[in-house]
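Remarks on the overall topology
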Amino acid sequence: MNVVIAGGGMVGLTLARLLRARGVEPVVIERMPEGAYIPRGYMLGFQGYEPLKEIGVLDEVWPEGREIAPQGTSAVAVCVEVGKVIHAIARDLPVMYEHSVKDLVFDDSGRVVGVIAEGPDGDVEIPSDLVVACDGKQSRVREMAGMEAVLTQLPEGELSWMSSSPSETSFSMAYMADGGHIGHLSWPQGSGGWRSCSRVGAEAALAPGLDAVKEMWARLLPESRLGVEGVESIDQVRYSEPELLTTPEWWKPGIVLIGDSAHFFGPETGISSGIGLGDAHALSEAIAQNRADADAACQSYVMWRAPVVRPYEAMDPGRERILTAGKQPPGPGEAWPPQ
Ligand SMILES: Cc1cc2nc3c(=O)[nH]c(=O)nc-3n(C[C@H](O)[C@H](O)[C@H](O)COP(=O)(O)OP(=O)(O)OC[C@H]3O[C@@H](n4cnc5c(N)ncnc54)[C@H](O)[C@@H]3O)c2cc1C
């Protein structure tokens, strides 16, 4: 089967490695230069362990991180600098870097039969039996295929920070009186924190200033104190307005969505990449078992994967909060910006 993987992020690269291990040589197209990524700590949940173990990456990155909720020889998650994972997955993998998928090629029946990739030397058409959209939450490939994306705004904003000071613990999280949450992660090179806050826009959310952010964080989540103390400038604090993504259909003839192009979960779940890596594992197996029939591979993939992923989508705590938003006032000293 000619498989074209559109997007060489964590999920696309992992899929490529898993397919090669099953005797299928995909073409991977990635718009960024080799090795480019935005440095940050990240929580690799247990859902992603099996695929990374199979390609030999888990054992390499595990000692580079900090365990979260260790259980015997394993842990619920490991917190690691994201570049260490991406570089380990990408090593020795052929990828068409600095190429963007800019169009899909359809046959008369509407089936996707290839992509047009734009690179430094112009456009190139690459025929395919199956295009796998691994181009992230804002997936253009999904859009070009005319596949529906349902984006749901959470009722709150999100305030987050990153510093180069590790905290005493690798992870902590607490819920607040109004159902909002505050958490932190720490990896060997730094820490990051996030909390829900009023949806007031970046200017109002950052207006109280850096000292107020630090004081509030250390007070509400003492385990994050060392990390948040290391924030040196308000530029390291960010306001955003999170949204969830679900896609009702994961495939149509010649194309399938996996990873962030298919789903994106709420900020306190920490599962988006683990679920995406699991998608890659399931799809690689579905392709290996249906090498001559891309549609059968997609049907098999959905049959096995939907019972895993759909409950996570339905039970996302962000979705629950949409139902309860505004019913409980914040507790004393919890509101942000302070009232
Ligand atoms: C700030 C932040 C923090 C996060 N923290 C966590 C966490 O702690 N734990 C967790 O499990 N998940 C976390 N996630 C989610 C996690 O990063 C993703 O689930 C994970 O990276 C897998 O995504 P992906 O490979 O499907 O998509 P992406 O990582 O978005 O990769 C998509 C790739 O496609 C490329 N691309 C896009 N368009 C094109 C095109 N037209 N042609 C070619 N290439 C293209 C992009 O350059 C990119 O490399 C976080 C996400 C963000 C933004």
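Residue numbering note: each chain is counted from 1, following its sequence as written. In keeping with the predicted nature of the model, local features appear solely for residues at pLDDT of at least 70, side-chain atom pairs appear and are counted solely at 80 or more, and the whole-chain, interface and lining totals rest on all residues.

1. Topic: the overall build of the chain
Helix and strand counts for the chain stand at 11 helices and 19 strands. With C-alpha atoms as the basis for the radius of gyration, the globule rule is written as 2.2 Å multiplied by the number of residues raised to the power 0.38. For 339 residues, the compact-globule estimate of 2.2 N^0.38 gives 20 Å, and the chain sits close to it at 21 Å. Taking the principal axes of the C-alpha coordinates as reference, the chain spans close to 60 × 40 × 40 Å. By sequence separation, contacts in the chain at least 24 residues apart represent 71% of the contacts at least 6 residues apart. The helix count covers DSSP runs of H or I at least four residues long, the strand count covers runs of E at least two residues long, and both are numbered beginning at the N terminus. Note on contacts: each residue gets a C-beta atom placed from the backbone, and two residues are in contact if those atoms are within 7 Å.

2. A word on the domain arrangement of the chain
A common way to express how large an interface is: the accessible area buried when the components associate. If you check the domain split of the chain, you get domain 1 (3–150 + 244–317) and domain 2 (157–240). Here the bounds of each domain stem from an automatic or database domain assignment. The C-alpha centroid of domain 2 is placed 29 Å from the C-alpha centroid of domain 1. Across the boundary between the two partners, domain 1 contributes 12 residues, which contact 15 residues of domain 2. Contributing elements (two or more residues each) for the side of domain 1 that touches domain 2: β3 (41–45), β4 (66–71) and β5 (74–81).

3. Here's the deal with the sheet that holds strand β7 (residues 112–119)
For two strands to pair, DSSP has to find at least two bridges joining them. The 3 strands are arranged β6-β7-β8 in an open sheet whose pairing can be described as antiparallel. Bordering the open sheet on either side are β6 (100–106) and β8 (122–127), each of which pairs with just one other strand. Averaged over all pairs of adjacent strands, the angle between strand axes in this sheet comes to 25°, irrespective of strand direction. For β6 and β7, the ladder comprises 6 bridges, and the chain directions are antiparallel. Among the inter-strand pairings, valine 101 is bridged to a residue of β7, identified as alanine 117. The axes are straight lines fitted to the C-alpha atoms, using for helices just the contacting stretch, and the angles between their N-to-C directions are given from 0 to 180°.

4. A short note on helix α1 (residues 10–20)
Remark: C-beta atoms are placed from the backbone, and a residue is labelled buried if 20 or more other C-beta atoms sit within 10 Å of its own, exposed if 12 or fewer do, or partly exposed between those counts. Summarising burial for α1: 10 of the 11 residues are buried, a large majority. Check the buried side of α1 and you find it contacts β1 (3–6), β2 (27–29), α2 (49–54), α4 (82–90), β9 (130–133) and α9 (272–289).

5. Side note on helix α10 (residues 294–314)
Between the first and last C-alpha of α10 there are 28 Å, a value that for 21 residues agrees with the 30 Å anticipated at 1.5 Å per step. Alanine 306 marks the point of greatest bend in α10, at about 50°, and the proline proline 307 comes within the next four residues. Taken together, the buried positions of α10 are Ala294, Ala297, Cys298, Tyr301, Arg305 and Val309. Elements that come into contact with the buried residues of α10 comprise β9, β17 (251–252), β18 (255–257), β19 (263–264) and α9. Expected helix span is taken as 1.5 Å per residue step, with the number of steps being one fewer than the number of residues. The bend reported for a residue corresponds to the angle between axes fitted to the seven residues ending at that residue and the seven starting there.

6. Here we look at the packing of α1 against α4
Running from amino to carboxyl end, α1 crosses α4 at an angle of 30°, the nearest separation of the two axes being 9 Å. Taken together, the axis directions place α1 and α4 in an arrangement best described as roughly parallel. The handedness of the crossing between α1 and α4 comes out as left-handed. For the pair α1 and α4, the contacting residues are Met10, Leu13, Thr14 and Arg17 in the first and Val85, Ile86, Ile89 and Ala90 in the second. We call Asp, Glu, Lys and Arg charged. Ala, Val, Leu, Ile, Met, Phe, Trp, Tyr, Cys and Pro are nonpolar, and the rest, Gly among them, are polar. When grouped by side-chain class, the residues that make up the contact of α1 with α4 number 6 nonpolar, 1 polar and 1 charged. Oblique is the label for any angle not covered by the other classes, which are roughly parallel (under 35 degrees), roughly antiparallel (over 145) and roughly perpendicular (65 to 115). Should the near helix be turned anticlockwise from the far one by less than a right angle, the crossing is left-handed, and should it be turned clockwise, the crossing is right-handed.

7. Remarks on the site of the ligand
By nearness alone, 28 residues border the ligand, and Gly7, Gly9, Gly136, Gly259 and Ser273 come closest of all. When contributions to the shell around the ligand are tallied by element, the ones reaching two or more residues are α1, β3, β6 and α9. Looking at the shell around the ligand, its residues break down into 10 nonpolar, 13 polar and 5 charged. In this analysis, residues qualify as near a molecule or strand once their C-beta atom, positioned from backbone atoms, comes within 6 Å of it.

8. A word on the nonpolar core
Formed by 66 residues in total, the largest nonpolar core has its most connected members in Ile5, Ala6, Leu15, Val131, Val132, Val256 and Leu283. Top element by residues in this core is α1. It accounts for 7 residues. Counting residues domain by domain, this core receives three or more from each of domain 1 (3–150 + 244–317) and domain 2 (157–240). Non-local contacts of valine 256, meaning those with residues more than four positions away in its chain, are made with Leu130, Val132, Trp250, Trp251, Leu283, Cys298 and Tyr301. What we call a nonpolar core is a set of buried Ala, Val, Leu, Ile, Met, Phe, Trp, Tyr and Cys residues whose membership is set by joining through C-beta atoms within 7 Å. One finds Ile182, Cys197, Val213 and Val228 within the second-largest nonpolar core, a separate group that totals 14 residues.

9. Notes on the pairing of strand β16 (residues 243–246)
Pairing analysis gives 4 bridges linking strand β10 (residues 150–153) to β16, with the strands arranged antiparallel. Within the sheet, the bridge partner assigned to leucine 151 lies in β16 and is leucine 245. With 2 bridges joining them, β16 and β19 adopt antiparallel strand pairing. If you follow leucine 245 over to β19, its bridge partner there is phenylalanine 264.

10. Observations concerning the environment of alanine 212
Secondary-structure assignment places alanine 212 in helix α7 (residues 210–220). A tally of 14 C-beta atoms within 10 Å means that alanine 212 is categorised as partly exposed. Between the C-alpha atom of alanine 212 and that of glycine 259, which follows or precedes it by 47 residues, the distance is 37 Å.

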